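# Geometric and topological summary
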Amino acid sequence: MASQGEDDLQASKTEGFRVGEKKTVEEYAKLDQNDESLNRWKASLGISSSPLIAVDPKDQRRCVIKALALEVEGRSDITIDLTAPGAVEALKTKPFTIREGAQFRMKANFVVQHDVLSGLKYLQVTKRKGIRVAKNEEMIGSFAPNTQKQPIYEKKFEPDEAPSGMLARGHYDAISKFMDDDGHEYLKFEWSFDITKEWQK
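Residues numbered from 1 in each chain as written. Predicted model: local features only at pLDDT ≥ 70, side-chain atom pairs only at ≥ 80, totals over all residues. Heavy atoms only, no water.

### What about the pattern of salt bridges?
- As enumerated under the stated definition, the model contains 10 salt bridges in all.
- In this structure, glutamate 185 engages lysine 177 in a salt bridge whose closest nitrogen and oxygen atoms are separated by 3.6 Å.
- For lysine 177, a relative accessible area of 5% gives the class buried.
- The structure contains a network of salt bridges with shared partners spanning Glu71, Asp77, Arg105, Lys107 and Lys156. (Salt bridge = Lys/Arg side-chain N within 4 Å of Asp/Glu carboxyl O. Buried < 20%, exposed > 50% of the residue type's maximum accessible area, 1.4 Å probe, protein only.)

Quick look at the structure:
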């Protein structure tokens, strides 16, 4: 039986939607090569003739999240290199600091390997003192495996605004995950942030 936290992190479902038939990159590339609109769609996925990047054949993940960053206008990005040992575990114990009312957004760098990735999405549940205060779901999109021409993808999420006021200040805990239309989970992590009156110097 799923825990409350697991229930919170379930992606919303569109009634009647079914995941389409899976094809390999080669099958997509050869599909109706004379169809101009289909060729534009394949280009939007990143399917091209450029050679694929080298990947570890033992790593069967279709998507590897390489880095997460907090982007705030007028300030340097706070970037977490997720390939560093212990980086994911440290997210929970080293909170981000965000000034109340500040405009910010998250961004992610990731690599797609082996095959086309369908419907990558980001889910986040935020709690304060154990009570859920927000749930966010953002569709990132579908992507072809990375190539030497485009060795990494970057996704900037929709801008957000930190809450304001004395009651909003304090510590928040969040749990997030990246998953695709097939329900494959690529990264799940706990992290935290503090809403403060001013930026830390």
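### A word on the pairing of strand E6 (residues 131–143)
- Relative to E6, strand E5 (residues 117–128) runs antiparallel, the two being bridged by 10 bridges. In the sheet register, leucine 117 faces E6, and the bridge partner there is phenylalanine 143.
- The antiparallel pairing of E5 with E6 creates a hairpin that spans 2 residues between the two strands, and lysine 129 there sits at a positive phi of about 55°. (Pairing = 2+ DSSP bridges. Helix = DSSP H or I, 4+ residues; strand = E, 2+ residues; numbered from the N terminus.)

### Describing the packing of aromatic side chains
- As enumerated under the stated definition, the model contains 8 aromatic pairs in all.
- For the ring pair tyrosine 172 and phenylalanine 193, a centre distance of 5.1 Å and an interplane angle of 5° mean the geometry is stacked. Taken together, the residues span a long stretch of sequence, with tyrosine 172 in strand E9 (residues 170–179) and phenylalanine 193 in strand E10 (residues 185–196) at a distance of 21 residues. For the pair formed by tyrosine 172 and phenylalanine 193, the shared burial category is buried.
- Through pairs of rings, three or more aromatic residues link up here, namely Phe96, Tyr172, Trp191 and Phe193.
- Between the NZ or CZ atom of arginine 75 and the centre of the ring of tryptophan 199, over which it lies, the distance is 4.2 Å. (Phe/Tyr/Trp six-rings, centres within 6.5 Å; stacked < 30°, edge-to-face > 60°. Lys NZ or Arg CZ within 6 Å of the ring centre and 35° of its normal.)

### A word on the side chain of aspartate 180
- Within the secondary structure, aspartate 180 is located in the loop between E9 and E10.
- For aspartate 180, which is buried and forms no salt bridge, the nearest opposite charge comes from arginine 62, at a distance of 5.1 Å.
- Beyond its immediate chain neighbours, meaning those up to four positions away, aspartate 180 contacts Leu117, Ser118, Gly119, Leu120, Lys121 and Tyr186. (Lys, Arg positive; Asp, Glu negative; His and termini not counted. Contact = heavy atoms within 4.5 Å.)

### Points about the sheet that holds E5
- One open sheet accounts for 5 strands, arranged E3-E10-E9-E5-E6; its pairing is mixed. Unpaired on one side and paired on the other, strand E3 (96–99) and E6 mark the two borders of the sheet. Within this sheet the neighbouring strands show an average axis-to-axis angle of 25°, counted without direction. (Axes fitted to C-alpha atoms, helices over the stretch in contact; angles between N-to-C directions.)

### Considering the nonpolar core
- Formed by 35 residues in total, the largest nonpolar core has its most connected members in Ile98, Phe110, Phe178 and Trp191.
- Sorting the residues of this core by element identifies strand E1 (63–72), E3, strand E4 (103–112), E5, E6, E9 and E10 as the ones contributing at least two each.
- Counting residues per element, this core draws most heavily on E10, which supplies 6 residues.
- If we skip the residues at most four places from it in the chain, isoleucine 98 touches Leu70, Phe104, Ala162, Phe193, Asp194, Ile195, Thr196 and Trp199. (Core = buried A, V, L, I, M, F, W, Y, C linked by side-chain atoms within 4.5 Å.)

All we've got here are geometric facts, nothing functional implied.
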